[in-house]
Amino acid sequence: MSFLAVYESHFTKHLTQTQFEAFRILLWLLTVHKQVRIERLAACFPLPILYQSRRKHIQRFLVLSALAIPRFWFPVIKAIICKEFKTGSRLIIKIDRTQWKDKNVFMVAVIWKKRALPIYWTLLGKRGASRLSEQQALIQPVLCLLKNYELVILGDREFHSVKLAYWLKQKSKKQKLFFAFRQKQGTNQKKDDEDYQTFSQLGMKPGMKMFLTGVSVTKNKGFGNFNVGAYWKRKYKGKQEKEPWFILTNLDSLSEVLKVYRARAGIEAMFKDCKTGGYNWEGSKANNKRLNSLILLIAIAYTATSLKGKTFRQTNQGKYIARLTEKSRRDRRHSNFWIGLYGSLWIHAWEFCSDFISIMMSNNPQKLNNYKKGLQAMSIIDKTA
């Protein structure tokens, strides 16, 4: 059963029938044409009216109040998380920011199968790093949404703020909540009555690990003590990390800290999928209101496509879409998103070229059994897509 069929009752509760059909078409266009520019979407939107009318039709759709993230998306992503993760289990939540030109998207996502699924986002009205108040406003709705899970919030050096860590530590008194924020080397820290020194003065060298407990971080008062995990990856295959990690946390062991922090790359892979790898969202020139709705459509399309890819693998159809393993590679070449995206495109190509393909198959009768297996795979993929 397709993603839209599963959640149709939810979407139609917020959209009229005409709006829902427009919604379906836009998701289909994102998948097939991999573009989010309104001009491109309007050019391909198959409504038999003038181009300018199609463009205005899409613009009006993108400013609908029904597309508010908490109302339109939260129930769906919560249902997906409940299906993919056991209630009460640990979720790794990553906050990150991506910027192109004057667009600054601040997002929180759940790490899932070496990728991430978008949960919530906001558009910052400025370039550069986010403020504490913006970070709290982004995280708070997610804490409420996922209150039945144990959460670990991850952040790179941009989110090194001890204030944010302290805010989360206070929240952890009522909810199972942990954090791991990478710190800058010049950050001050001290143990008990010792003098302050920067992390860079700890004498870390490649291959070294260190776990500090009950440490005061920064010279500002009133934040209490934290744990700090320090790690400098040893040289591997001729490559050497430029500097060590210093990670502010309330987790209890270095192994635990390193395990969750390594998962942070999932959101970076997701951003790449949503940009050059999938939907080219950096090409959008829409205003903030419409861009926010376009990101919502991308979030829905990306999540649906990733889940389809997972199903294609589980039903053993992934081998018809891509090379799943290679002798020279330890990791999979293609993600669930890639498999889901190109599995759908494979079906679209068949629908368009079926007459030509029938001629090709009839000219190769010795491969009839292989064609039958392939057609059966297409049928299974089509039901999911």
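A brief look at the structure comes next. (Residues numbered from 1 in each chain as written. Predicted model: local features only at pLDDT ≥ 70, side-chain atom pairs only at ≥ 80, totals over all residues. Heavy atoms only, no water.)

**Brief notes about the overall build of the protein**
To keep it simple, the criterion reads: Segments assigned H or I by DSSP are reported as helices when at least four residues long, segments assigned E as strands when at least two residues long, and all are numbered from the N terminus. The buried label goes to any residue with under 20% of its type's maximum accessible area, the exposed label to any with over 50%, and the partly exposed label to all in between, with areas taken from a 1.4 Å probe on protein chains only. When checking whether two residues touch, look at their non-hydrogen atoms; a contact exists if any pair is within 4.5 Å. For the accessible areas, the method is Shrake-Rupley and the probe is 1.4 Å, while residue cover comes only from the protein chains on display. By the counting rule applied here, Lys and Arg register as positive and Asp and Glu as negative, while His and the ends of each chain are not counted. Taken as the charge location is NZ of Lys, CZ of Arg, CG of Asp or CD of Glu.
Scanning the protein for helices and strands turns up 13 helices and ten strands. Taken along the three principal axes of its C-alpha coordinates, the protein extends 80 × 50 × 40 Å. When burial is assessed residue by residue, the protein has 48% of its 385 residues classed as buried. Contacts in the protein between residues at least 24 apart in sequence constitute 64% of all its contacts with a sequence separation of at least 6. By element, 51% of the accessible surface of the protein is carried by carbon and sulfur atoms, the whole surface being about 19700 Å². Charge separation in the protein, taken as the distance between the mean sites of 68 positive and 26 negative side-chain charges, equals 3 Å.

**Topic: the sheet that holds strand β5 (residues 177-182)**
Hydrogen bonds along the backbone pair up the strands of a sheet, which may run parallel or antiparallel. This is how it is decided: Criterion used throughout: strands pair if DSSP finds at least two bridges between them. To get an axis, a line is fitted to the C-alpha atoms, and for a helix only the part in contact is used. The angle between two axes follows their N-to-C directions and goes from 0 to 180 degrees.
Read across the open sheet, the ten strands follow the order β3-β2-β1-β4-β5-β10-β9-β8-β6-β7; overall the sheet is mixed. The sheet is open, and its two edges are formed by β3 (115-123) and β7 (197-198), each paired on a single side. Packing of helix α6 (residues 74-84) onto the sheet brings it into contact with β1 (90-100), β2 (103-112) and β3, and relative to β3 it is tilted by some 155 degrees.

**Topic: the nonpolar core**
Put simply, the rule is: Buried Ala, Val, Leu, Ile, Met, Phe, Trp, Tyr and Cys residues form a nonpolar core when they are joined through side-chain atoms within 4.5 Å.
In terms of nonpolar packing, the biggest core is built from 117 residues, with Phe11, Phe23, Ile119, Leu146 and Ile153 touching the most fellow members. With residues near it in sequence (within four places) discarded, isoleucine 153 still touches Ile93, Ile95, Ile139, Leu143, Leu168, Leu177, Phe178, Phe179, Ala180 and Phe181. Core analysis: the next-biggest nonpolar cluster, separate from the first, contains seven residues, Phe312, Ile321, Ala322 and Ile381 among them.

**A word on the side chain of glutamine 175**
Relative to the elements of secondary structure, glutamine 175 occurs in the loop between α8 (162-171) and β5. Look at glutamine 175 and you get buried, because its relative accessible area is 15%. In this structure glutamine 175 touches Leu143, Leu146, Lys147, Tyr149 and Leu151, once residues within four positions along its chain are discounted.

**Some words on the packing of helix α1 (residues 3-14) against helix α2 (residues 17-33)**
Test applied: If an angle is under 35 degrees, it is roughly parallel; if it is over 145, roughly antiparallel; if it lies from 65 to 115, roughly perpendicular; otherwise it is oblique. Note on convention: the crossing is left-handed when the near helix lies turned anticlockwise from the far helix by less than a right angle, right-handed when the turn is clockwise. Three residue categories are used. Nonpolar comprises Ala, Val, Leu, Ile, Met, Phe, Trp, Tyr, Cys and Pro, charged comprises Asp, Glu, Lys and Arg, and polar comprises the others, including Gly.
Look at α1 against α2: their axes get within 10 Å of each other, and the N-to-C directions meet at 135 degrees. Here α1 is positioned oblique relative to α2, judged by the angle of their axes. Our pair here, α1 against α2, has a crossing hand that is right-handed. Residue-level inspection shows Leu4, Glu8, Phe11, Thr12 and His14 of α1 in contact with α2, the latter providing Gln19, Phe20, Phe23, Arg24 and Leu27. The residue makeup of the contact of α1 with α2, split by class, is five nonpolar, three polar and two charged.

**Notes on α6**
We count it as follows: Directions drawn from the helix axis to the C-beta atoms are what define this arc.
Those residues of α6 lying buried are Phe74, Val76, Ile77, Ile80 and Ile81. Down the axis of α6, the buried set is contained in an arc of 165 degrees. They therefore lie on one face.

**With respect to the pairing of β3**
When you tally the buried positions in β3, you get seven out of nine residues, the bulk of the element. Bridge analysis of β2 against β3 gives eight bridges, and the strand direction is antiparallel. Residue pairing in the sheet places tryptophan 112 in a bridge with arginine 115 of β3. The hairpin turn running from β2 into β3, its antiparallel successor, is two residues long, and lysine 113 in that turn takes a positive phi close to 50 degrees.

**Let's talk about the pattern of salt bridges**
The following threshold applies: Any carboxyl oxygen of Asp or Glu that lies within 4 Å of a side-chain nitrogen of Lys or Arg is treated as forming a salt bridge with it.
Taken as a whole, this structure holds 13 salt bridges when the rule is applied. Salt-bridge contacts for arginine 90 lead to glutamate 256; the nearest nitrogen and oxygen are separated by 2.9 Å. On the criterion of sequence distance, the pair formed by arginine 90 in strand β1 and glutamate 256 in helix α9 (residues 254-261) is long-range, its members being 166 residues apart. Given a relative accessible area of 30%, arginine 90 falls into the partly exposed group. Of the charged contacts in the structure, one is a salt bridge between glutamate 134 and arginine 131, with a shortest N-O distance of 3.2 Å.

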